[in-house]
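# Coordinates in review
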Amino acid sequence: MDMDGVLVREQDPIPGAAEFLAKLQELRTPFLVLTNNSMYTPRDLAARLRRTGLEVPEESIWTSALATAGFLEDQRPGGSAFVIGEVGLTTALHACGYTLTDSDPDYVVLGETRTYSFERITRAIQLIGEGARFIATNPDNVGPSPDGPLPATGSVAALISRATGVEPYYVGKPNPLMMRSALNAIDAHSEDTAMIGDRMDTDIVAGLEAGLEAILVLTGVTSRAEAERHAYRPSRIVESIAEILEDLA
């Protein structure tokens, strides 16, 4: 399941989320909380959720930073990267044996941050021009905040692409690669797994393309009317995760 818009809205838990998570753990049903946000480590996110009253073990959290690190480890073990991002991304890359450098890296890796630096963006553009491969953790153009939308990874990636003529490879949702890595993390199979999300363009399309049941909740960014505008349809549309809890009762 996605996190923002499914379990929490800003700093507040969505009604039914705590009971839903408790029921999954009572039934010993394997689950992962998936997020395209690469800023935080699973431990950070588990602590954030705990402060809202939601108990999620850190091993049950899967981020685009972890998926990106796993992808790069498979592609080029022991490689190097110039990173624009926060501790969630740098920790994941260090854990898979990557060296972080601004001198002749194998990759430029762009992730989420609230302190985008013009100097680092300029350096990323230079390095890509010199031959570094361009990776981005996720394609989200905006992210939520109490004051309204904020520019996110996809927006900054577009800036770099415009300057270099190079499009990044996005690892996070809706790339089925992230879904498959998440399935592997809990030893699950697509035919008996569901994806619960609030975004049609990431959560739902990723679930469908990975062969999962894709359930749209209306507690996030997508309304029922907006869902109808897409060429693809979710497997189900529910008002909130509390409605899914009723199925487990």
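Residues numbered from 1 in each chain as written. Predicted model: local features only at pLDDT ≥ 70, side-chain atom pairs only at ≥ 80, totals over all residues. Heavy atoms only, no water.

### A closer look at unusual backbone geometry
Looking along the chain, the bond that leaves K173 and enters P174 is cis, with omega of 15°. Following the sequence through the fold, P174 ends up in the loop between strand 11 (169-170) and helix 7 (176-185). For R28, which is not a glycine, the phi torsion comes out positive at approximately 60°. Unusually for a residue other than glycine, D104 sits at a positive phi of about 50°. You can see D104 is positioned in the loop between strand 6 (99-100) and strand 7 (107-110). Take D104: its relative accessible area is 68%, and that puts it in the exposed class. (Helix = DSSP H or I, 4+ residues; strand = E, 2+ residues; numbered from the N terminus. Buried < 20%, exposed > 50% of the residue type's maximum accessible area, 1.4 Å probe, protein only.)

### Describing the side chain of D106
Within the secondary structure, D106 is located in the loop between strand 6 and strand 7. Buried charge D106 goes without a salt bridge, the closest partner of opposite sign being R76 at 4.2 Å. One polar contact links the side chain of D106 to the main-chain amide nitrogen of S80, over a distance of 2.9 Å. If near-sequence neighbours (up to four positions away) are discounted, D106 is found in contact with R76, G79, S80, A132 and R133. (Lys, Arg positive; Asp, Glu negative; His and termini not counted. Salt bridge = Lys/Arg side-chain N within 4 Å of Asp/Glu carboxyl O. Polar contact = N/O pair within 3.5 Å; in protein donor to acceptor, adjacent residues only side chain to side chain. Contact = heavy atoms within 4.5 Å.)

### Some points on the sheet that holds strand 5 (residues 80-84)
Pairing is parallel in the open sheet, where five strands are placed in the order 6-5-7-8-11. In the strand order of this sheet, the two ends are held by strand 6 and strand 11, each with one partner. As defined by bridge partners, strand 5 adjoins strand 6 across two bridges and the pair is classed as parallel. Across the sheet, residue A81 finds its bridge partner in strand 6, namely L100. (Pairing = 2+ DSSP bridges.)

### Regarding the sheet that holds strand 13 (residues 213-217)
The strand order across the open sheet built from three strands is 12-13-14, with neighbouring strands paired in parallel fashion. Sheet topology places strand 12 (194-197) and strand 14 (236-238) at the edges, where each strand pairs with a single neighbour. In this sheet, neighbouring strand axes are inclined to one another by 20° on average, regardless of whether the strands run parallel or antiparallel. Pairing between strand 12 and strand 13: four bridges, direction parallel. Following the sheet pairing, G197 is matched in strand 13 by L216. Contacts from helix 8 (residues 200-209) reach strand 12 and strand 13 within the one sheet, and its direction differs from that of strand 13 by about 160°. (Axes fitted to C-alpha atoms, helices over the stretch in contact; angles between N-to-C directions.)

### Remarks on the nonpolar core
Of all hydrophobic cores here, the largest spans 28 residues; its most connected members are L72 and V109. Of all elements in the fold, only helix 3 (64-75), strand 5, helix 4 (87-95), strand 7 and helix 7 reach the threshold of two or more residues within this core. Ranked by residue count, the leading element in this core is helix 3, at five residues. If you look at the next biggest cluster of nonpolar residues, it comprises 24 residues, including V8, L21, A46 and I244. (Core = buried A, V, L, I, M, F, W, Y, C linked by side-chain atoms within 4.5 Å.)

### A look at the environment of P13
Relative to the helices and strands, P13 resides in strand 2 (residues 12-13). Looking at P13, the relative accessible area reads 37%, which means it is partly exposed.

### Some details on the pattern of salt bridges
Summed over all chains, the structure comprises eleven salt bridges. In this structure, R199 and D201 form a salt bridge, with 3.2 Å as the shortest nitrogen-oxygen distance. Salt-bridge contacts for E228 lead to R233; the nearest nitrogen and oxygen are separated by 3.0 Å. A relative accessible area of 44% means that E228 is categorised as partly exposed. By relative accessible area, which is 54% here, R233 ends up exposed.

### As for the layout of surface pockets
Quantified by volume, the second largest pocket comes out at close to 530 Å³. Taken together, 25 residues line the second largest pocket, and the ones lying closest to its centre are T29, P30, T193, A194 and I196. Of all the elements in the fold, those that place two or more residues in the lining of the second largest pocket are helix 1 (17-26), helix 7, strand 12, strand 13 and helix 10 (241-248). When the residues that make up the lining of the second largest pocket are grouped by side-chain class, the tally is 19 nonpolar, two polar and four charged. (1 Å grid on protein atoms, 1.4 Å probe; cavity = no way out; pocket = protein on both sides within 12 Å on 5 of 7 lines; lining within 4 Å. Points joined across faces, edges and corners; volume = space filled by probe spheres on them. Nonpolar A, V, L, I, M, F, W, Y, C, P; charged D, E, K, R; others polar.)

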